[in-house]
Structure formats: structure tokens, C-alpha cells
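Coordinates in review
In case you want the letters, here they are:
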Amino acid sequence: MRVIRASLAGIPQGPAQDSALALVSDLIWAHTAPSHGLEHLRAKASDEGMDVYLFLRAASEAAALDQAHAILTSARSPLVRHGYRATATHR
């Protein structure tokens, strides 16, 4: 199991924050294929927006980064439609 952190910009502050975290989580799950190896994810507010922790079945860190990139690419359009964009992925 590998964990990759994806940083997103666009999270609202205040009462809408909890629903935004749930929305992003749902959008990612809805646009992730089984081949991406996603086991679990957790969205958490950050100073710059939101961090999404992707727990992936992957043979290496490089493979996990590739899988995370594929997940974010698959979910890009719906995330953008809701005002979010990926800014970085981290090991």
C-alpha cells in the first residue's frame, strides 16, 4: 500500500467546507477505474485548499505516482466543473 497526497485548490471556507470535502471524495471515486488500484481516500482541508490522500495498491512509489496522476486526470473535468484543480502530487 502506497499513499500519495494530491493538493487541490478551490475549497470553500466556513460551513461549506465539510460538504466540499465529501463532494471531492465522491467525484474522485466516481471517476476512478478498478485498474487505478485505489483502496481508500481521505480529503482534508489545508492552508492552500485541500489535500487528498490516495491509498493505492502499487508495486512502487513511481507506479503509485503514475496511478495517482491517472486518477486525477480521470476526475479532472468534474473537479474543474465544481471549481477545483489539482496543483501537485506528493509522495
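A brief report on the enclosed structure follows. (Residues numbered from 1 in each chain as written. Predicted model: local features only at pLDDT ≥ 70, side-chain atom pairs only at ≥ 80, totals over all residues. Heavy atoms only, no water.)

A word on the overall build of the protein
- Helices and strands together make up the secondary structure of the protein, namely 2 helices and 4 strands.
- For 91 residues, the compact-globule formula gives about 12 Å, and the C-alpha radius of gyration of the protein, at 12 Å, lands near that figure.
- Dimensions of the protein, computed from the C-alpha atoms along their principal axes, are close to 40 × 20 × 20 Å.
- Within the protein, buried positions represent 40% of all 91 residues.
- Across the protein, contacts joining residues at least 24 apart in sequence account for 66% of those joining residues at least 6 apart.
- Looking at the protein as shown, the accessible area adds up to about 5,100 Å², and 50% of this sits on carbon and sulfur atoms.
- With 9 positive and 8 negative side-chain charges, the protein shows a spacing of 4 Å between the two charge centroids. (Helix = DSSP H or I, 4+ residues; strand = E, 2+ residues; numbered from the N terminus. Rg over C-alpha atoms; globule rule 2.2 N^0.38 Å. Buried < 20%, exposed > 50% of the residue type's maximum accessible area, 1.4 Å probe, protein only. Contact = heavy atoms within 4.5 Å. Areas by Shrake-Rupley, 256 points an atom, 1.4 Å probe, with all protein chains shown as cover. Lys, Arg positive; Asp, Glu negative; His and termini not counted. Charge placed at Lys NZ, Arg CZ, Asp CG, Glu CD.)

Thoughts on the pairing of strand E3 (residues 50-56)
- In terms of burial, E3 is a largely internal element, 5 of the 7 residues being buried.
- Where strand E1 (residues 2-9) and E3 come together, 7 bridges link them in antiparallel fashion. Its bridge partner being in E3, Arg5 is matched across the sheet by Tyr53.
- As defined by bridge partners, strand E2 (residues 38-45) adjoins E3 across 7 bridges and the pair is classed as antiparallel. Of the residues in E3, the one forming a bridge with Arg42 is Tyr53. (Pairing = 2+ DSSP bridges.)

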